[in-house]
Amino acid sequence: MYEVDPEKLGYYEEEGLDVEVVALPGRPAETTGLVVAGQADLTIAQPDAHIYPIAEGNDQGLIWTFTPYQGPVFGIVVDESSEITEASQLENKTVAMTALGPPFESFMNANVIETGGDPSTIDTVAIGSNPAAMEALRSGGIEAIVGNRSEMALASQVTGTQTRLLPLPPEVADGLAAGFIIRKDSDQTEREAIARYIRAVVKSAIFAQENPDKAVQLSWELYPASKPTDKPEEQALEEAKVSLAETVDQYRPSSDGVWGYISEERWQKFLESNGFSDKIPDVTTLYDYSLLDLINSFDEEEVREQARNK
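Our subject in this report is the structure included herewith.

A few words on helix α4 (residues 104-114). Each full turn of the α-helix corresponds to 3.6 residues, which orients residues three or four apart in the same direction. Of all the positions in α4, only F104, S106, F107, M108, N111 and V112 are classed as buried. At the C-terminal side of α4, G116 shows a positive phi close to 90°.

Mapped onto the elements of the fold, E15 is located in helix α1 (residues 11-15). Apart from the residues lying within four places of it in its own chain, the contact partners of E15 are R196, R199, A200 and K203.

By the definition in use, this model includes 11 aromatic pairs. Centroid distance Y12 to Y197: 6.0 Å. Interplanar angle 25°. Geometry classified as stacked. Of the two residues, Y12 is situated in helix α1 and Y197 in helix α8 (residues 188-210); the sequence distance between them amounts to 185 residues. Classification of Y197 by relative accessible area gives buried; the value is 16%. An aromatic cluster is present here, built from W64, Y261, W267, Y287 and Y289 joined pairwise through their rings.

Attention shifts here to the packing of helix α6 (residues 149-159) against helix α10 (residues 233-248). For any two helices packed against each other, one specifies the inter-axial angle together with the distance between the axes. Look at α6 against α10: their axes get within 7 Å of each other, and the N-to-C directions meet at 160°. In terms of orientation, α6 and α10 fall into the roughly antiparallel class. For the element pair α6 and α10, the recorded crossing hand is right-handed. Contacts between α6 and α10 involve R149, S150, A153, L154, Q157 and V158 from the former and E238, E239, V242, S243, E246 and T247 from the latter. For the contact of α6 with α10, the per-class residue count stands at 4 nonpolar, 4 polar and 4 charged.

Conventions adopted
Residues numbered from 1 in each chain as written. Predicted model: local features only at pLDDT ≥ 70, side-chain atom pairs only at ≥ 80, totals over all residues. Heavy atoms only, no water. Buried < 20%, exposed > 50% of the residue type's maximum accessible area, 1.4 Å probe, protein only. Helix = DSSP H or I, 4+ residues; strand = E, 2+ residues; numbered from the N terminus. Contact = heavy atoms within 4.5 Å. Phe/Tyr/Trp six-rings, centres within 6.5 Å; stacked < 30°, edge-to-face > 60°. Axes fitted to C-alpha atoms, helices over the stretch in contact; angles between N-to-C directions. Parallel < 35°, antiparallel > 145°, perpendicular 65-115°, else oblique. Left-handed = near helix turned anticlockwise from the far one by under 90°. Nonpolar A, V, L, I, M, F, W, Y, C, P; charged D, E, K, R; others polar.

And the structure:
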(Lines give C-alpha, C1' and ligand atoms only; values in the text may rest on other atoms or scores of the structure.)
Protein backbone atom coordinates (compact mmCIF):
# COMPACT_ATOMS: atom_id res chain seq x y z
CA MET A 1 0.00 0.00 0.00
CA TYR A 2 1.43 3.37 -1.05
CA GLU A 3 1.15 6.28 1.35
CA VAL A 4 3.28 9.34 1.81
CA ASP A 5 5.36 9.23 4.95
CA PRO A 6 4.96 12.57 6.78
CA GLU A 7 8.71 12.56 7.34
CA LYS A 8 9.39 13.01 3.62
CA LEU A 9 7.15 16.07 3.58
CA GLY A 10 8.70 17.56 6.68
CA TYR A 11 5.53 17.23 8.75
CA TYR A 12 7.15 15.27 11.58
CA GLU A 13 9.83 17.92 11.88
CA GLU A 14 7.18 20.66 11.89
CA GLU A 15 5.40 18.86 14.72
CA GLY A 16 8.61 18.23 16.69
CA LEU A 17 8.22 14.46 16.44
CA ASP A 18 10.61 11.53 16.26
CA VAL A 19 8.45 8.67 14.99
CA GLU A 20 9.03 4.93 14.71
CA VAL A 21 6.36 3.09 12.73
CA VAL A 22 5.94 -0.65 13.30
CA ALA A 23 4.07 -2.37 10.47
CA LEU A 24 2.36 -5.71 11.11
CA PRO A 25 0.19 -6.18 7.98
CA GLY A 26 -2.65 -8.65 8.37
CA ARG A 27 -2.08 -8.99 12.12
CA PRO A 28 -4.47 -6.46 13.72
CA ALA A 29 -4.60 -8.20 17.11
CA GLU A 30 -0.83 -7.86 17.48
CA THR A 31 -0.80 -4.13 16.77
CA THR A 32 -3.51 -3.55 19.35
CA GLY A 33 -1.61 -5.74 21.80
CA LEU A 34 1.47 -3.52 21.48
CA VAL A 35 -0.56 -0.51 22.60
CA VAL A 36 -2.15 -2.43 25.46
CA ALA A 37 1.32 -3.51 26.61
CA GLY A 38 2.65 0.04 26.45
CA GLN A 39 5.09 -0.85 23.66
CA ALA A 40 3.39 1.53 21.21
CA ASP A 41 1.58 4.81 21.75
CA LEU A 42 -1.25 4.25 19.29
CA THR A 43 -2.44 2.06 16.47
CA ILE A 44 -4.91 2.32 13.64
CA ALA A 45 -7.37 -0.54 13.75
CA GLN A 46 -10.84 -1.59 12.73
CA PRO A 47 -13.56 -0.92 15.33
CA ASP A 48 -13.90 -4.67 15.93
CA ALA A 49 -10.49 -4.74 17.60
CA HIS A 50 -11.72 -2.15 20.09
CA ILE A 51 -15.35 -3.14 20.57
CA TYR A 52 -15.32 -6.94 20.61
CA PRO A 53 -13.15 -7.30 23.75
CA ILE A 54 -15.23 -4.71 25.62
CA ALA A 55 -18.45 -6.48 24.65
CA GLU A 56 -17.00 -9.69 26.06
CA GLY A 57 -16.14 -8.03 29.35
CA ASN A 58 -12.44 -7.53 28.60
CA ASP A 59 -11.73 -3.82 28.85
CA GLN A 60 -8.16 -3.46 27.54
CA GLY A 61 -7.82 0.12 28.76
CA LEU A 62 -8.05 1.60 25.26
CA ILE A 63 -10.04 4.50 23.85
CA TRP A 64 -10.94 5.43 20.25
CA THR A 65 -9.71 8.93 19.46
CA PHE A 66 -9.84 9.70 15.71
CA THR A 67 -11.43 8.24 12.56
CA PRO A 68 -9.68 9.36 9.36
CA TYR A 69 -12.05 7.46 7.08
CA GLN A 70 -15.74 8.22 6.58
CA GLY A 71 -16.37 4.92 4.80
CA PRO A 72 -15.13 1.32 4.91
CA VAL A 73 -11.60 0.64 3.66
CA PHE A 74 -12.35 -3.08 3.34
CA GLY A 75 -14.07 -4.70 0.41
CA ILE A 76 -15.00 -8.03 -1.12
CA VAL A 77 -13.76 -8.79 -4.62
CA VAL A 78 -14.70 -11.54 -7.06
CA ASP A 79 -13.37 -12.45 -10.47
CA GLU A 80 -14.70 -10.07 -13.10
CA SER A 81 -16.44 -12.97 -14.88
CA SER A 82 -18.09 -14.28 -11.69
CA GLU A 83 -21.87 -14.54 -11.54
CA ILE A 84 -21.78 -13.35 -7.92
CA THR A 85 -23.28 -9.87 -7.68
CA GLU A 86 -23.89 -9.45 -3.94
CA ALA A 87 -22.50 -10.82 -0.71
CA SER A 88 -25.45 -13.14 0.03
CA GLN A 89 -24.40 -15.20 -2.99
CA LEU A 90 -21.21 -16.19 -1.19
CA GLU A 91 -23.21 -18.85 0.66
CA ASN A 92 -21.57 -22.29 0.27
CA LYS A 93 -18.56 -20.69 -1.42
CA THR A 94 -14.89 -20.49 -0.40
CA VAL A 95 -13.70 -17.01 0.57
CA ALA A 96 -10.12 -15.99 1.35
CA MET A 97 -8.87 -13.31 3.71
CA THR A 98 -5.51 -12.32 5.19
CA ALA A 99 -6.43 -13.69 8.63
CA LEU A 100 -9.52 -15.39 10.03
CA GLY A 101 -11.69 -13.70 12.64
CA PRO A 102 -12.25 -9.97 13.05
CA PRO A 103 -11.91 -7.63 11.33
CA PHE A 104 -11.95 -9.44 7.96
CA GLU A 105 -14.43 -12.18 8.81
CA SER A 106 -16.77 -9.89 10.73
CA PHE A 107 -16.78 -7.49 7.76
CA MET A 108 -17.73 -10.33 5.43
CA ASN A 109 -20.42 -11.56 7.82
CA ALA A 110 -22.00 -8.12 8.03
CA ASN A 111 -22.18 -7.88 4.24
CA VAL A 112 -23.68 -11.35 3.89
CA ILE A 113 -26.26 -10.86 6.66
CA GLU A 114 -27.38 -7.44 5.42
CA THR A 115 -27.99 -8.86 1.94
CA GLY A 116 -30.03 -11.76 3.30
CA GLY A 117 -27.44 -14.53 3.41
CA ASP A 118 -26.12 -16.94 6.03
CA PRO A 119 -22.37 -16.53 6.66
CA SER A 120 -22.18 -19.81 8.59
CA THR A 121 -22.37 -21.66 5.25
CA ILE A 122 -19.22 -20.00 3.91
CA ASP A 123 -15.86 -21.78 3.95
CA THR A 124 -13.28 -19.18 4.97
CA VAL A 125 -9.56 -19.69 4.40
CA ALA A 126 -6.56 -17.59 5.39
CA ILE A 127 -4.15 -16.63 2.60
CA GLY A 128 -1.59 -14.21 4.01
CA SER A 129 -0.47 -12.78 0.67
CA ASN A 130 -2.84 -10.75 -1.49
CA PRO A 131 -1.04 -11.72 -4.73
CA ALA A 132 -1.35 -15.39 -3.72
CA ALA A 133 -5.04 -14.87 -3.02
CA MET A 134 -5.46 -13.28 -6.46
CA GLU A 135 -3.80 -16.28 -8.09
CA ALA A 136 -6.17 -18.59 -6.19
CA LEU A 137 -9.13 -16.47 -7.35
CA ARG A 138 -8.00 -16.61 -10.95
CA SER A 139 -7.48 -20.39 -10.83
CA GLY A 140 -10.89 -21.00 -9.29
CA GLY A 141 -9.57 -22.24 -5.94
CA ILE A 142 -11.62 -19.57 -4.16
CA GLU A 143 -14.65 -17.50 -5.15
CA ALA A 144 -13.92 -14.22 -3.37
CA ILE A 145 -11.38 -12.27 -1.31
CA VAL A 146 -12.04 -10.02 1.68
CA GLY A 147 -9.39 -7.42 2.41
CA ASN A 148 -8.11 -3.87 2.33
CA ARG A 149 -9.24 -2.34 -0.95
CA SER A 150 -5.92 -0.61 -1.71
CA GLU A 151 -3.91 -3.78 -1.17
CA MET A 152 -6.32 -5.84 -3.28
CA ALA A 153 -6.28 -3.23 -6.06
CA LEU A 154 -2.49 -3.38 -6.22
CA ALA A 155 -2.43 -7.20 -6.08
CA SER A 156 -5.00 -7.32 -8.87
CA GLN A 157 -2.82 -5.21 -11.12
CA VAL A 158 0.43 -6.95 -10.21
CA THR A 159 -1.01 -10.40 -10.96
CA GLY A 160 -3.09 -9.34 -13.95
CA THR A 161 -6.28 -10.59 -12.29
CA GLN A 162 -9.44 -8.82 -13.43
CA THR A 163 -11.64 -8.31 -10.38
CA ARG A 164 -14.85 -6.59 -9.37
CA LEU A 165 -15.83 -5.14 -5.99
CA LEU A 166 -19.17 -6.30 -4.63
CA PRO A 167 -21.49 -3.42 -3.69
CA LEU A 168 -21.75 -2.66 0.02
CA PRO A 169 -25.24 -2.77 1.52
CA PRO A 170 -26.23 0.63 2.96
CA GLU A 171 -25.91 -0.63 6.54
CA VAL A 172 -22.27 -1.53 5.91
CA ALA A 173 -21.46 1.51 3.77
CA ASP A 174 -22.63 3.74 6.63
CA GLY A 175 -20.65 1.76 9.19
CA LEU A 176 -17.38 2.57 10.88
CA ALA A 177 -13.94 2.21 9.36
CA ALA A 178 -10.48 2.09 10.88
CA GLY A 179 -9.46 4.64 13.46
CA PHE A 180 -6.72 5.52 15.92
CA ILE A 181 -6.77 3.89 19.35
CA ILE A 182 -4.72 5.01 22.34
CA ARG A 183 -4.46 4.02 25.99
CA LYS A 184 -6.89 5.66 28.39
CA ASP A 185 -4.05 6.32 30.83
CA SER A 186 -1.94 8.29 28.32
CA ASP A 187 -0.93 11.52 30.05
CA GLN A 188 -1.50 14.97 28.58
CA THR A 189 2.00 15.25 27.11
CA GLU A 190 1.60 11.90 25.37
CA ARG A 191 -1.85 12.84 24.11
CA GLU A 192 -0.63 16.11 22.62
CA ALA A 193 2.20 14.28 20.83
CA ILE A 194 -0.33 11.75 19.52
CA ALA A 195 -2.52 14.60 18.24
CA ARG A 196 0.45 16.14 16.42
CA TYR A 197 1.28 12.75 14.87
CA ILE A 198 -2.29 12.24 13.61
CA ARG A 199 -2.32 15.79 12.25
CA ALA A 200 0.85 15.02 10.27
CA VAL A 201 -0.71 11.83 8.89
CA VAL A 202 -3.88 13.63 7.79
CA LYS A 203 -1.88 16.37 6.09
CA SER A 204 0.13 13.70 4.25
CA ALA A 205 -3.07 12.07 3.00
CA ILE A 206 -4.38 15.43 1.79
CA PHE A 207 -1.08 15.98 -0.03
CA ALA A 208 -1.46 12.58 -1.71
CA GLN A 209 -5.02 13.35 -2.79
CA GLU A 210 -3.84 16.54 -4.46
CA ASN A 211 -0.63 15.22 -6.03
CA PRO A 212 -0.68 11.40 -6.31
CA ASP A 213 2.25 11.27 -8.74
CA LYS A 214 4.55 13.03 -6.29
CA ALA A 215 3.15 10.97 -3.41
CA VAL A 216 4.16 7.70 -5.10
CA GLN A 217 7.59 9.04 -6.03
CA LEU A 218 8.22 10.12 -2.44
CA SER A 219 7.14 6.69 -1.24
CA TRP A 220 9.62 5.07 -3.61
CA GLU A 221 12.37 7.34 -2.32
CA LEU A 222 11.62 6.34 1.25
CA TYR A 223 11.12 2.63 0.48
CA PRO A 224 13.25 1.86 -2.62
CA ALA A 225 12.42 -1.85 -2.46
CA SER A 226 8.73 -1.03 -3.06
CA LYS A 227 9.46 0.31 -6.56
CA PRO A 228 8.96 -2.46 -9.15
CA THR A 229 11.97 -3.16 -11.33
CA ASP A 230 10.32 -5.64 -13.71
CA LYS A 231 8.13 -3.16 -15.58
CA PRO A 232 8.35 0.33 -17.12
CA GLU A 233 8.27 3.13 -14.55
CA GLU A 234 5.18 4.69 -16.14
CA GLN A 235 3.24 1.43 -15.72
CA ALA A 236 4.48 1.01 -12.15
CA LEU A 237 3.43 4.57 -11.36
CA GLU A 238 -0.10 4.07 -12.67
CA GLU A 239 -0.50 0.83 -10.70
CA ALA A 240 0.77 2.48 -7.53
CA LYS A 241 -1.63 5.41 -7.94
CA VAL A 242 -4.59 3.01 -8.10
CA SER A 243 -3.56 1.50 -4.77
CA LEU A 244 -2.89 4.93 -3.28
CA ALA A 245 -6.30 6.29 -4.32
CA GLU A 246 -8.14 3.39 -2.65
CA THR A 247 -6.65 4.52 0.66
CA VAL A 248 -6.23 8.29 0.66
CA ASP A 249 -9.47 9.06 -1.17
CA GLN A 250 -11.27 7.69 1.88
CA TYR A 251 -9.56 10.32 4.06
CA ARG A 252 -12.13 13.06 4.45
CA PRO A 253 -13.76 15.09 7.20
CA SER A 254 -17.20 14.41 8.59
CA SER A 255 -20.26 16.10 7.13
CA ASP A 256 -19.77 19.05 9.48
CA GLY A 257 -16.20 19.56 8.28
CA VAL A 258 -14.40 18.12 11.32
CA TRP A 259 -11.62 15.63 10.61
CA GLY A 260 -11.83 12.47 12.70
CA TYR A 261 -15.39 12.77 13.99
CA ILE A 262 -18.00 10.00 13.92
CA SER A 263 -21.39 10.81 15.40
CA GLU A 264 -22.87 9.06 18.41
CA GLU A 265 -25.72 7.89 16.16
CA ARG A 266 -23.33 6.08 13.81
CA TRP A 267 -21.57 4.44 16.74
CA GLN A 268 -24.93 3.31 18.08
CA LYS A 269 -25.99 1.88 14.72
CA PHE A 270 -22.71 -0.04 14.52
CA LEU A 271 -23.34 -1.62 17.92
CA GLU A 272 -26.89 -2.49 16.98
CA SER A 273 -25.91 -4.11 13.69
CA ASN A 274 -23.31 -6.23 15.49
CA GLY A 275 -25.62 -7.18 18.36
CA PHE A 276 -23.66 -5.33 21.06
CA SER A 277 -26.20 -2.75 22.24
CA ASP A 278 -27.10 -4.76 25.36
CA LYS A 279 -23.46 -5.40 26.21
CA ILE A 280 -22.37 -1.78 25.73
CA PRO A 281 -25.36 0.35 26.78
CA ASP A 282 -23.39 3.62 26.81
CA VAL A 283 -21.73 4.06 23.44
CA THR A 284 -19.92 7.23 24.55
CA THR A 285 -17.58 5.12 26.70
CA LEU A 286 -15.94 3.85 23.52
CA TYR A 287 -14.46 7.12 22.26
CA ASP A 288 -12.85 10.36 23.41
CA TYR A 289 -12.82 13.30 21.01
CA SER A 290 -10.89 15.67 23.25
CA LEU A 291 -7.96 15.78 20.78
CA LEU A 292 -10.00 16.75 17.73
CA ASP A 293 -9.55 20.51 18.13
CA LEU A 294 -5.76 20.15 18.26
CA ILE A 295 -5.65 17.71 15.35
CA ASN A 296 -7.86 19.98 13.24
CA SER A 297 -5.76 23.08 13.86
CA PHE A 298 -4.22 23.31 10.39
CA ASP A 299 -5.06 25.00 7.09
CA GLU A 300 -6.24 22.33 4.63
CA GLU A 301 -6.05 24.63 1.61
CA GLU A 302 -2.48 25.51 2.52
CA VAL A 303 -1.57 21.81 2.43
CA ARG A 304 -3.28 21.33 -0.92
CA GLU A 305 -1.49 24.36 -2.34
CA GLN A 306 1.82 22.94 -1.16
CA ALA A 307 1.01 19.67 -2.94
CA ARG A 308 0.08 21.39 -6.18
CA ASN A 309 3.41 23.25 -6.21
CA LYS A 310 5.67 20.42 -5.09
